[in-house]
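# Topology and contacts: notes
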Amino acid sequence: MKLFSLTAHEILDLLKAKKVKAEDVVSSVKERIDSVETRVHAYARVFETREIASEGNENLFPIPIAVKDNICIKDNETTCASKILKGFKPPYDATVIAKLKGAGAVFTGNANMDEFAFGSSCETSCFGPTRNPWDLERVPGGSSGGSAAAVAADETIWAIGSDTGGSIRQPAALCGVVGLKPTYGLVSRYGLIAFASSLDQIGPITKDVRDSALLLNIIGGYDENDSTSVDTPAKDYTKSLISDIKGIKIGIPKEYFIEGIDPEVGLSVKAAIEQLRSLGAIVKEVSLPHTEYAVATYYITATAEASSNLARFDGVQYGLRSIPKEQRKNPIVDMYEETRNQGFGLEAKRRIMLGTYALSSGYYDAYYLRALKVRTLIKQDLDKVFGDFDAIVTPTSPTTAFKIGERMDDPVSMYLSDIYTIPANLSGIPAISIPCGFSKNNLPIGLQIMAKAFNEEMIFKIAYTYEQNTGWHKKRAGI
Amino acid sequence: MISEKDVKYVASLSRIHLNEEEAKPLAKDLEKILNYVAKLQKLDVKQIAPTSHVLPLNNVFREDIVRPSLTQEETLNMTVDKMNGSFKVPKVIE
């Protein structure tokens, strides 16, 4: 058994029993990166030095971890996979990084991502695409595609990503790993470079459900540096890892099994739902009538917020500065406009412009304000179901991993990859994706479980019960 | 519906200089996306309050006490051009 193929909790057991040393684990993962990274390209940058500060301290987690390239690590280049942040070295640690450092984490590198998390395939990265470890011709999903691919290819033990419309769960599904988007406000976003502030959330990408709970224990909790952080009592999520879902009420939204879903995904997810029923859950069909408006609502609100958040990249304080050779408007405006022309890729430009349009005079009411109102309807749909049900179970993504290049020329078809994951962001609730089977051509399929805000325990309980009774998570990408 | 002129106007609001070859495909893309999001117009939302934020939080304040923050030097370390403790930029006024 190679150490790099283990989960964090398996490694912690070995460390406690003094059967391995942290440095053995770290060098095993390094060797693995050296042997597969040129094919997978999961990382924006791999760290050369890996400090192990925790040797001998049993309370620490000296586990190798990959960090998405939009989460600030002090004095380490952090770029959101964008040319506009080339050379940017944050002068502070994100709160999740400070917590991980406190827990003895060993950082393997910055995971690749779609530029500024704008994408569902990892193809918009300025570093070039990440490849899916299950099939190198296919995308790993996105935007946290590098984090998910690194975990699936055993190039790290676990990883953190961020999720604005599905950016943790969709790549986790496409790479056959476990990805959790926690409740909005549970994990501090201080030091996460913002995309859409009312939606963004940091979360774990891991090889199994126990690791997801362990990593959430480390990164979760109140932070006064994030004004959207919610002051809730600390929980030990591993206590929810009980294989028993008897009597738990699960709703299955009928609107999630209609047009556009790959039949193999539909069959796998339906089989998983039957399994949950046979394990004792009470499963009933429910309705989320505004589902078909979720993607449109999201692309207005998220791009509007992004256009505002990304206004800070103007060449003045950090990152790229580019000045055109000839004067166009006036010297400073020319600098702003040329810096942003050179620094942003095509999808970033598309989204900033869409958001600007939706917020502009004459269109604000018709687009932005209307989308905020439809967001209310989508949230009300979910609240209503959660009045009677403990959880909602759905597919994570309508398809398995698609081919690199396949959707790059059609933004709308790319956006529809997030159709099942977006409602959890719009309503702030937690949701997980866990493996629930494979297609005929051996591509992973993900099952999404959503619960009420701050009820991650329910998600972990259902996910753990399903995982322990099926074992899909044990199948590894044969790279 | 979306002309190249519209795209250039929105680009200038967004402070992005577009190369000529980018404007045309972007006009097409934006039109496609706007056609897709037009489905929101079908819903009656007159009586619905907007949700800009999902948490029941507002006006999060802390005690007004001075704490250490980034120094001027740390802040200026990140820029490509600085002078006399300030960010240096091209001329603002002709």
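Residues numbered from 1 in each chain as written. Chains lettered and ligands numbered in written order. Predicted model: local features only at pLDDT ≥ 70, side-chain atom pairs only at ≥ 80, totals over all residues. Heavy atoms only, no water.

### Describing the sheet that holds strand β5 (residues 178-181) of chain A
Residue and element names in this part refer to chain A. Across the sheet, 11 strands lie side by side as β1-β3-β2-β4-β6-β5-β10-β11-β9-β7-β8; this open sheet has mixed pairing. Every other strand in the sheet has two partners, leaving β1 (43-46) and β8 (282-286) as the edge strands with one partner each. For this sheet, the mean angle separating the axes of adjacent strands, direction not counted, is 30°. Sheet analysis places strand β7 (residues 249-253) next to β8, joined by 5 bridges and oriented parallel. Opposite Pro253, over in β8, you have Val286 as the bridge partner. (Pairing = 2+ DSSP bridges. Helix = DSSP H or I, 4+ residues; strand = E, 2+ residues; numbered from the N terminus. Axes fitted to C-alpha atoms, helices over the stretch in contact; angles between N-to-C directions.)

### Some details on the state of the cysteines
Residues and elements named next belong to chain A. This model, assessed by the stated rule, comprises 0 disulfides over all chains. Considering cysteine sulfurs only, Cys80 is the nearest to Cys72, which forms no disulfide, with 7.8 Å between them. Here Cys72 falls in the buried class, since its relative accessible area comes to 2%. Of the cysteine sulfurs around Cys126, a residue in no disulfide, the closest is that of Cys80, at 10.0 Å. Accessibility expressed as a relative area gives 35% for Cys126, which makes it partly exposed. (Disulfide = S-S within 2.5 Å. Buried < 20%, exposed > 50% of the residue type's maximum accessible area, 1.4 Å probe, protein only.)

### Points about unusual backbone geometry
All names here are of chain A. Going from Gly142 to Ser143, the amide bond is cis rather than trans, its omega being 10°. Looking at where Ser143 falls in the secondary structure, it is placed in the loop between β3 (106-111) and α4 (145-152). With a phi close to 55°, Cys80 is a non-glycine residue in the positive phi region. With respect to the secondary-structure elements, Cys80 resides in the loop between β2 (64-68) and α3 (95-102). Despite not being glycine, Ala81 has its phi angle at roughly 55°, a positive value.

### A word on the confidence of the model for chain B
With 100% of its residues at a pLDDT of 70 or more, chain B shows a mean pLDDT of 92. If you check the scores for this complex, the pTM reads 0.97 and the ipTM reads 0.95. (pLDDT = per-residue confidence, 0-100.)

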